[in-house]
Structure formats: structure tokens, C-alpha cells
Amino acid sequence: INAEYFFFFFFFFFRKCCIEHNKLRQTAKAVFQALNKNKIQYWLGMGTLLGAHRNNGTIIAWDTDADIYIAEDDEPKLLEVLSTLSHYYEKDHSPKRRPMYWVYYEEKQPQSFPGMGDTHIEIWLWKFKKPENRQIIYPVKPCKLYDIEASCPAQIESLLNKHYPLGWKTKYSLASGGRTTLNLSIM
């Protein structure tokens, strides 16, 4: 291993595990507590659910965000809750995406664009287009994300199979270039 390669990976993983993931845990804890206090049901989704389930409650090593869902009907209550947090938040208005909110670790607007390295929680608004998806989600059940009490869908593996139709049980590594393909059409 040459020294340049070693220092790049050491810095990359140190930054992820020790700086960004710590910020992500703090932000997630504040958001989850506020949602619970205001009786807004949420559940972990996408890579966050994958990490909580497959990786024993940890965030996937290269992730800089946490994904959660709430029912679309709860958006007005969500806006009330977000206004009470000390974290900066904004709605993603991209026409190519499903409606969602970004909640950042920072109190003021980050300098970069959403999703470009700033630690954040993505709160997706779930519209139940397919009736069978209700039984996959409800009733939500308790799960852990690090040391945080979180909520997971009733049928975790069914949702992961829908999100990742090419497979999700095998851990991928950055070194191998392996990534899991996410299917967003299920929402």
C-alpha cells in the first residue's frame, strides 16, 4: 500500500465514522424524539433501514444521510415539528423527486447544495399508491439505529426486497465498487 492511498482511506473513513456519523446520530435523535413527542409515525427507509437491519443498527459506512418516511397526510404536522427544532431544514422542490424535507445538523443553511456532503436527515413523504404497502409498513415496530430508539416497518425484509430488487443481504464495500441498486418506484 502506498502512503497516499493509505492516508486517503484513513481520512475518508475517519471523517465518516467519527465526524459525519456522530453528527448524523445527534440529528437523528433530535428528529426522532420530536416526531415521537408529536405522535407522527415514521419509519426508517432505504439505506438507513438496510444499515439498521443488516448491519446491526449502524449506518452504512459511506452514507452521509439517514432516510425516514412519514405518511403524506402528516406533512402539516411535520412542518410544525420542524419549526421547533434547532436544525436548519428545507423542502426539496425538485420536480424529479418525491416530496421530501432535508434536516441538517447545522442551525443555519449549509454552504453546499442538498445531498452534497452535508450531514442530514431526509424525510420522505410516503403516498400509499399500492394498498398492499400498508401491511408492509404498519404497525411500525421499534428498532435501533446505534443507541437511538427508532421505528421500522412491520415487514422489514419485504420493504428491503422492494427497495433493492437486485439483492441487499450481501455487504458491499467501496473497494470493490459494489453498490446496491435502489428502486424508488415502489413508493
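Counting from 1, residues in each chain are numbered in the order their sequence is written. The predicted origin of the model limits local features to residues at a pLDDT of at least 70 and limits the giving and counting of side-chain atom pairs to 80 or more, whereas totals for whole chains, interfaces and linings rest on all residues. The side-chain figures draw on all heavy atoms in the structure; neither hydrogens nor water molecules are used.

Undergrad: Any chance you could break down unusual backbone geometry for me, citing the residues and the numbers?
TA: Leave glycine aside and you will find that most residues have negative phi; peptide bonds, for their part, are mostly trans. With an omega of -5°, the peptide bond between Tyr 138 and Pro 139 qualifies as cis. Only DSSP runs of H or I covering at least 4 residues are called helices, and only runs of E covering at least 2 are called strands; the numbering of each starts at the N terminus. Mapped onto the elements of the fold, Pro 139 is located in the loop between α4 (132-137) and β6 (141-145). A positive phi angle is found at Asn 56, which is not glycine, with a value near 55°. Inspection of the secondary structure puts Asn 56 in the loop between α2 (46-54) and β2 (65-71). Asn 56 sits in the exposed class, given a relative accessible area of 72%. Relative accessibility decides the category of a residue: with a 1.4 Å probe and only protein chains considered, values under 20% of the type maximum give buried, values over 50% give exposed, and everything between is partly exposed.

Undergrad: How would you summarise the sheet that holds strand β1 (residues 42-44) if you had to cite specific residues and measurements?
TA: Read across the open sheet, the five strands follow the order β1-β2-β5-β4-β3; overall the sheet is mixed. Edge strands, defined here as strands with exactly one partner in the open sheet, are β1 and β3 (89-92). Mean inter-strand twist for the sheet, computed between neighbouring axes without regard to direction, equals 25°. By definition, two strands form a pair when at least two bridges between them are found by DSSP. As paired elements, β1 and β2 share three bridges and run antiparallel to each other. Among the inter-strand pairings, Trp 43 is bridged to a residue of β2, identified as Tyr 69. Against the sheet, helix α3 (residues 75-82) contacts β2, β3, β4 (100-104) and β5 (120-126), and its axis sits at roughly 15° relative to β4. To obtain each axis, a line is fitted to C-alpha atoms, and for helices this fit is confined to the stretch in contact; angles are then taken between N-to-C directions over 0 to 180 degrees. In what follows, a contact means two residues having at least one pair of non-hydrogen atoms within 4.5 Å.

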